[in-house]
Amino acid sequence: MSLAAEAFVSQMAAAEPWPENATLYQPLKEDQILLSDCASSLAVQTYLRMCGLPVQVACRANAEYMSPSGKVPFVHVGNQVVSELGPIVQFTKAKGHSLSDGLDDVQRAEMKAYMELVNNMLLTAELYIQWCDDATASEISRPRYSSPYSWPLNHILAYQKQWEVRRKMNAIGWGGKTLEQVCRIRSAFATSSAQFFFQPTELDALVFGHLFTILTTRLTSTELAERIKSYSNLLSFCRRIEQSYFEDKILSVSLSLFIPSLIPSL
Amino acid sequence: MAAPLELYCWRGDWGLPSIDTECLTVLAYSKFAGAPLKIHKITNPWKSPTGTLPALKTREEGSISKPSNIIIHLRKQKYNADYDLSAKEGADTLAFVSLLEEKLLPALIYTQWVDSKNYVDVTRSWYAENISFPLNFFLPNRMQNQQLEKLRLVRGDPMLEPGEQLEKELYRDALECMTLLSQRLGSHKFFFGDFPSSLDAYVFGHLAPLLKIKLPNGKLQQHLNSLDNLRNFCSNILLLYFPSTGQDNSSHKTPTHADGSDFDSEPHLRRNQILSALFAFGAMLGYAILTGIVSIERVQPQRALQARKRADDEEAD
């Protein structure tokens, strides 16, 4: 898209109000969706709720191939399709809905940096656990990922995806890492992330999406969730957002089912 | 520790202690932390113990190549530049390093290795000149392929093809990243107060090459030049922590051109060239005269005249 065309699109976006029938597409919720996709999808939903923008969630088996960037989730608004949280934030900003207007320059810079940190560390750790931990990959990730497809396509696609992720992990130097080390990185992140959150922003949406999904998803190893549970401020943060934005029980699970100890502390 | 640790990194140029981002990061960190390293500045990555640069040779853990691991190792040796940081600042460091790696690094790779004009004119020619003889024919191309592969992986797109669209996206991210850094730095001397930390080393490593290496397509450079505090930040670090290379630069500029050929060291180069050209010309002329190439041209008309005269005489007879 040329610069002029891009400017034109953003003008169009600004002119049209947010429609009632905006739709968010994600893979099948029960059988197919994986931890990382579920987290990204929840992050976008949380962000849109924070902005007060209505959106319907639609599950499609081929969501990954429908998305313009090959990544889920994506939203279909009017006659436009936008994928991933970063571009969606830009897009809603063009329509006049923004959560980060109240921040000063330094805070905004820090917020952007922390969002990259989440993408860089949490997302990579999730991908690692899904595809590089052999037990999880064979018991959960591959069967779930390939569930809509018939033989032999299911094996081909699942292994192709796994190979792609593993190659990326090797390139960024995570290839030889064990689950232990990943968890240690995760906990380093948790210590660091205990520090931010100024007001509801896209960062909070992103962090909530990831943490909530990790806490409420059953994997072969519960070590990650255990790590996060040891940070009470992160737990109460998740609880707070869940209560304020998801009161209507749109989430199929609730945090309190998984962390009974949390309720007395609130 | 008896002997200092040994660090292998790329040689510097353009007033930089090293021309490679990762080497610069490690060098800057070791200076900030005051680690006494024995530094080998080489131009042949095959001479490094791990086959890539930078590399730190340690006794306990073998050799390490990744900058983050080198920094962790130095930290274990009690050379810690982040000792005074609070937990919040430690988290900020992690966050901004992620920002640099996700947003600025791809554009940096693109502008140095993928943009064809920059690559041919500057990057490849520098590596080809500096890497020793048989390697210089294929190593630069191999490095380009590795960098392109890295770019593809960072962007998560195995079919990535260099083009205008990609360039625009990468540069937009990078410009935004530089603006954010500039806003975060504000009017401070370093990112966290008056003392440099590992974040400063990372930022310096990524920005200094952009600032110093003159590229024909310098869009990123122009933007960086417009951000005064970041520019000053880089030149301050160069001045304070790498004074020798800074001075080298000013006196180095002329010799770099002169280094090109071996004859340049001779003082009477021009005179000798003219003399040898004259000698060669004289020798050729002499040969031409001796074998009769030149003389024939001059003599022929006379001989023809004489011959005609003789023929006339014979007719008259």
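Residues numbered from 1 in each chain as written. Chains lettered and ligands numbered in written order. Predicted model: local features only at pLDDT ≥ 70, side-chain atom pairs only at ≥ 80, totals over all residues. Heavy atoms only, no water.

A. Main features of the pairing of strand S2 (residues 56–59) of chain A. Residues and elements named next belong to chain A. Bridging between strand S1 (residues 23–26) and S2 involves four bridges; their strand directions are parallel. Its bridge partner lying in S2, Tyr25 is registered against Ala58. Note that the unit made of S1, helix H2 (residues 35–51) and S2 has a crossover that is right-handed. (Pairing = 2+ DSSP bridges. Helix = DSSP H or I, 4+ residues; strand = E, 2+ residues; numbered from the N terminus. Right-handed = clockwise from strand over helix to strand, strands pointing away.)

B. Quick peek at helix H6 (residues 134–145) of chain A. For H6(A), the complete set of buried residues consists of A:Thr136, A:Ala137, A:Ile140, A:Ser141, A:Arg142 and A:Tyr145. Residues of H6(A) that are buried make contact with helix H3 (63–66), helix H5 (105–132) and helix H7 (153–171) of chain A. (Buried < 20%, exposed > 50% of the residue type's maximum accessible area, 1.4 Å probe, protein only. Contact = heavy atoms within 4.5 Å.)

C. Molecular detail of helix H4 (residues 116–130) of chain B. Residue and element names in this part refer to chain B. Here H4 spans 20 Å end to end across 15 residues, near enough to the 21 Å set by a 1.5 Å rise per residue. Bending of H4 peaks at approximately 35° at the position of Arg124. Buried within H4 we find Asn118, Tyr119, Val122, Thr123, Trp126, Tyr127 and Asn130. Buried positions along H4 lie against strand S1 (6–10), helix H3 (87–114) and helix H5 (139–155). (Expected span 1.5 Å × (residues − 1). Bend = angle between axes of the 7 residues up to and from the residue.)

D. Quick look at the interface of chain B and chain A. Between chain B and chain A, the contact holds 25 residues from the first and 23 residues from the second. Of the roughly 2200 Å² buried between chain B and chain A, counting both surfaces, carbon and sulfur atoms make up 57%. In this assembly, chain B and chain A are joined by two salt bridges. Residue B:Lys103 pairs with A:Glu116 through a salt bridge whose shortest N-O separation is 3.5 Å. The tally of links from chain B across to chain A stands at one residue pair in polar contact (both at pLDDT 80 or more). Counting residues per element, the ones that place at least two in the side of chain B that touches chain A are H3, H5 and helix H6 (164–185) of chain B. The biggest single contributor to the side of chain B that touches chain A is H3(B), with 12 residues. In terms of residue class, the side of chain B that touches chain A is made up of 10 nonpolar, three polar and 12 charged. (Buried area = accessible area lost by both parts, 1.4 Å probe. Salt bridge = Lys/Arg side-chain N within 4 Å of Asp/Glu carboxyl O. Polar contact = N/O pair within 3.5 Å; in protein donor to acceptor, adjacent residues only side chain to side chain. Nonpolar A, V, L, I, M, F, W, Y, C, P; charged D, E, K, R; others polar.)

E. Examining the nonpolar core more closely. Residue and element names in this part refer to chain B. The biggest cluster of nonpolar side chains holds 135 residues, and the ones touching the most others in it are Trp10, Met178, Phe204 and Leu207. Counting residues per element, this core draws most heavily on H3, at 14 residues. Those residues in contact with Leu207 that lie beyond four places of it in its chain are Leu104, Met178, Leu224, Leu230 and Cys234. (Core = buried A, V, L, I, M, F, W, Y, C linked by side-chain atoms within 4.5 Å.)

F. Region of interest: the pairing of strand S2 (residues 38–42) of chain B. Residues and elements named next belong to chain B. Pairing between S1 and S2: five bridges, direction parallel. By the bridge assignment for S2, Trp10 is matched with Ile42. Handedness of the crossover is the feature at issue here: the chain leaves S1, passes through helix H1 (residues 21–33), returns alongside S2, and the resulting connection is right-handed.

G. Looking closely at the sheet that holds strand S3 (residues 74–77) of chain A. Residues and elements named next belong to chain A. Spatially, S2-S1-S3-S4 is the arrangement adopted by the four strands of the open sheet, whose pairing is mixed. In the strand order of this sheet, the two ends are held by S2 and strand S4 (80–83), each with one partner. Averaged over all neighbouring strand pairs, the angle between strand axes comes to 25°, with direction disregarded. The sheet strands contacting H2 are S1, S2 and S3, and the helix crosses S1 at an angle near 165°. (Axes fitted to C-alpha atoms, helices over the stretch in contact; angles between N-to-C directions.)

H. Representation of a nonpolar patch on the surface within the structure. All names here are of chain B. On the surface, Phe281, Met284, Leu285, Ile289, Ile293 and Val294 cluster together into a nonpolar patch covering about 600 Å² of accessible area. Mapped by element, the contributors of at least two residues to the nonpolar patch are helix H11 (269–291) and helix H12 (293–316). Take the nonpolar patch: its biggest share by element is four residues, from H11. Along the chain, Val294 falls in helix H12. On the basis of relative accessible area, Val294 is assigned to the partly exposed category, the value being 39%. (Patch = residues over 30% accessible without salt bridge, like charges linked within 9 Å, V, L, I, M, F, W, Y side chains within 5 Å. Areas by Shrake-Rupley, 256 points an atom, 1.4 Å probe, with all protein chains shown as cover.)

I. Inspection of the pattern of salt bridges at higher detail. All chains considered together, the criterion is met by six salt bridges over all chains. Where A:Lys112 meets B:Glu176, a salt bridge forms, and the shortest distance between an N and an O atom there is 3.0 Å. Within this pair, whereas A:Lys112 is found in helix H5, its partner B:Glu176 is found in helix H6, the two belonging to separate chains. On the basis of relative accessibility, which here comes to 23%, the residue A:Lys112 falls in the partly exposed class. The partner of B:Arg231 in a salt bridge is B:Asp228, with the nearest N and O atoms 3.2 Å apart. With B:Arg231 and B:Asp228 both in helix H9 (residues 228–241) and three residues apart, the pair spans about one turn of that helix. Accessibility expressed as a relative area gives 29% for B:Arg231, which makes it partly exposed. For B:Asp228, a relative accessible area of 45% translates into the label partly exposed.

J. Structural context of the confidence of the model for chain B. Across chain B, the average pLDDT comes to 78, with 83% of residues at or above 70. pLDDT under 50 marks residues 247–265 of chain B. Its contacts with residues more than four places away, or in other chains, come to eight contacts. (pLDDT = per-residue confidence, 0-100.)

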